[in-house]
Amino acid sequence: LKIAPGTEMPLHTHRGEEMTLVLSGGFTDGNGAFERGDVEVADDSVEHRPVAMPGQPCLCLVVTDAPLRFRGPFGWMLNQWARLSS
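Please read these numbers as outputs of a predicted model, since none were measured by experiment.

### Re the sheet that holds strand β5 (residues 32-35)
Spatially, the three strands line up as an open sheet ordered β5-β4-β7, and their pairing is antiparallel. The two strands at the open ends of the sheet, each matched to only one other strand, are β5 and β7 (51-52). Sheet analysis places strand β4 (residues 26-29) next to β5, joined by four bridges and oriented antiparallel. Looking at the pairing, Thr 28 lines up with Ala 33 of β5.

### What about the sheet that holds strand β6 (residues 39-42)?
If you walk across this open sheet you meet the four strands as β1-β8-β3-β6, and the pairing is antiparallel. Unpaired on one side and paired on the other, β1 (2-3) and β6 mark the two borders of the sheet. In this sheet, strand β8 (residues 58-64) lies alongside β1 in antiparallel orientation, the contact comprising two bridges. Within β8, the position partnered with Ile 3 by the bridge is Cys 58.

### A few points about the side chain of His 12
By the element assignment, His 12 lies in strand β2 (residues 12-14). The buried category is assigned to His 12, whose relative accessible area is 5%. Residues within four places of His 12 in sequence aside, it is in contact with Glu 18, Val 46, Glu 47, His 48, Pro 50, Leu 68, Arg 69, Phe 70 and Arg 71.

Calculation rules
- Counting of residues starts from 1 at the beginning of each chain's written sequence and follows it residue by residue.
- Per-residue local features of the predicted model are confined to residues with pLDDT of at least 70, and side-chain atom pairs are confined, for both listing and counting, to 80 or more; whole-chain, interface and lining totals are unaffected and use all residues.
- Excluding hydrogens and water, the side-chain figures rest on all heavy atoms present in the structure.
- Being paired, for any two strands, means DSSP has found at least two bridges between them.
- Strands are runs of DSSP state E lasting at least 2 residues, helices are runs of H or I lasting at least 4, and numbering of each runs from the N terminus.
- Each residue gets one of three labels from its accessible area relative to the maximum for its type: buried under 20%, exposed over 50%, partly exposed in between, using a 1.4 Å probe on protein chains only.
- The criterion used for residue contact is that any of the two residues' heavy atoms lie within 4.5 Å.

The analysis is restricted to geometry; functional conclusions fall outside its scope.
This is the structure we're talking about:
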């Protein structure tokens, strides 16, 4: 996943686990700040909207064991897309 500096990802929670390894740059969310080498593990108890830190793109390796559950105004549409893509 490559996120441009200052870009917000969609608000989401998880149906399973999501593991994110930051390869370069960094992001913040409701759980803290994550920079190069950090790993965030999120499950169905976590709802967050990652935002790439300013300066350089955030490059992450993200592994999930189930589709994400998107929230917010476009959540329904994104959930339909995620369901069809899996």
